[in-house]
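Examining the three-dimensional arrangement
As a plain string of letters, each chain reads:
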Amino acid sequence: MASTSAEIIAFLLTISGWVLVSSTLPTDYWKVSTIDGTVITTATFWANLWKTCVTDSTGVSNCKDFPSMLALDGYIQACRGLMISAVCLGFFGAIFGLVGMKCTKVGGSDQTKAKIACLAGLIFILSGLCSMTSCSLYANRITSEFFDPSFVAQKYELGAALFIGWAGASLCIIGGSIFCFSIAENSNSPRRGYAYNGATSVMSSRTKVHNSIPDKTPPKHFDKNAYV
């Protein structure tokens, strides 16, 4: 029962993490920068993995898509690939996790379902690591440019999408680890043993049956003359 509850909690954690990671991919604010006036913010610059935009004080946004994938910086291409891999791995991990849970009626025996659940946990851990690496790589580029005194272009700060990606990756890793422990709990469960008494012959079995039946014949009474 405890193992089933742990698998349900792990499944909810991993699904929540996968949803957060999937929502991070199209989110706008991966990095953001503002230009403040004397009273209000005059412009807000922000960018994600697909485009860069600027929003003025009236709320009008002007966006520019990245012209070519081959002309992009290497870190943006790496972040795209890692995030897409994280979303795909999370999708397959959700399928394997649903099959491997003990509360479902598919997947075979308990040992087989435990192996499938462990596989789902490994897939979710890989998904979380891909998302964590992508967000950390993007954040490292932002911070290195921000604290570089020789960098004269527009400097950005960390956007909300990075924190959502880190949170989703953490949930995937935690839930995947719980799934992996399910195979250890299944292997430690006691198994029912059967005692072997050895092979018995037909004669010995008949003798046991004959001895087990009580003798119901009445005792014989002899006359006194029978002993003479």
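Above: the structure in question.
Since this is a predicted model, take the numbers as computed values, not measurements.

1. Examining the environment of Leu162
With respect to the element layout, Leu162 can be found in helix α4 (residues 160–187). In this structure the C-alpha to C-alpha distance between Leu162 and Val21, which are 141 residues apart in sequence, comes to 9.7 Å. Not counting residues within four places of it along the chain, the set of residues in contact with Leu162 comprises Trp30, Cys135, Tyr138, Ala139 and Ile142.

2. Quick word on the layout of surface pockets
Picture a little ball the size of a water molecule; that probe, rolled over the atoms, points out where space is still empty. Reported here for the second largest pocket is a volume of approximately 160 Å³. Lining the second largest pocket are Lys31, Ala47, Thr52, Phe66, Ala71, Leu72, Asp73, Tyr75, Ile76 and Tyr156. Here the lining of the second largest pocket is composed, by residue class, of seven nonpolar, one polar and two charged.

3. Thoughts on the packing of aromatic side chains
Using the criterion set out here, one finds seven aromatic pairs in the structure. Measuring from centroid to centroid gives 5.2 Å for Tyr29 and Trp46, while their planes differ by 45 degrees, and the two rings are tilted. Placement of Tyr29 in the loop between α1 (2–24) and β1 (31–36) and of Trp46 in strand β2 (residues 41–47) is noted, with a sequence separation of 17 residues between them. Overall, Tyr29 belongs to the partly exposed group, its relative accessible area being 37%. Here Trp46 falls in the buried class, since its relative accessible area comes to 5%. With a centroid separation of 5.5 Å and 75 degrees between ring planes, the pair formed by Phe91 and Phe92 is classed as edge-to-face. Pairwise contacts between aromatic rings join Trp18, Phe91 and Phe92 into one cluster.

Here is what the cut-offs are and how they apply
- Residues numbered from 1 in each chain as written.
- Predicted model: local features only at pLDDT ≥ 70, side-chain atom pairs only at ≥ 80, totals over all residues.
- Heavy atoms only, no water.
- Helix = DSSP H or I, 4+ residues; strand = E, 2+ residues; numbered from the N terminus.
- Contact = heavy atoms within 4.5 Å.
- 1 Å grid on protein atoms, 1.4 Å probe; cavity = no way out; pocket = protein on both sides within 12 Å on 5 of 7 lines; lining within 4 Å.
- Points joined across faces, edges and corners; volume = space filled by probe spheres on them.
- Nonpolar A, V, L, I, M, F, W, Y, C, P; charged D, E, K, R; others polar.
- Phe/Tyr/Trp six-rings, centres within 6.5 Å; stacked < 30°, edge-to-face > 60°.
- Buried < 20%, exposed > 50% of the residue type's maximum accessible area, 1.4 Å probe, protein only.

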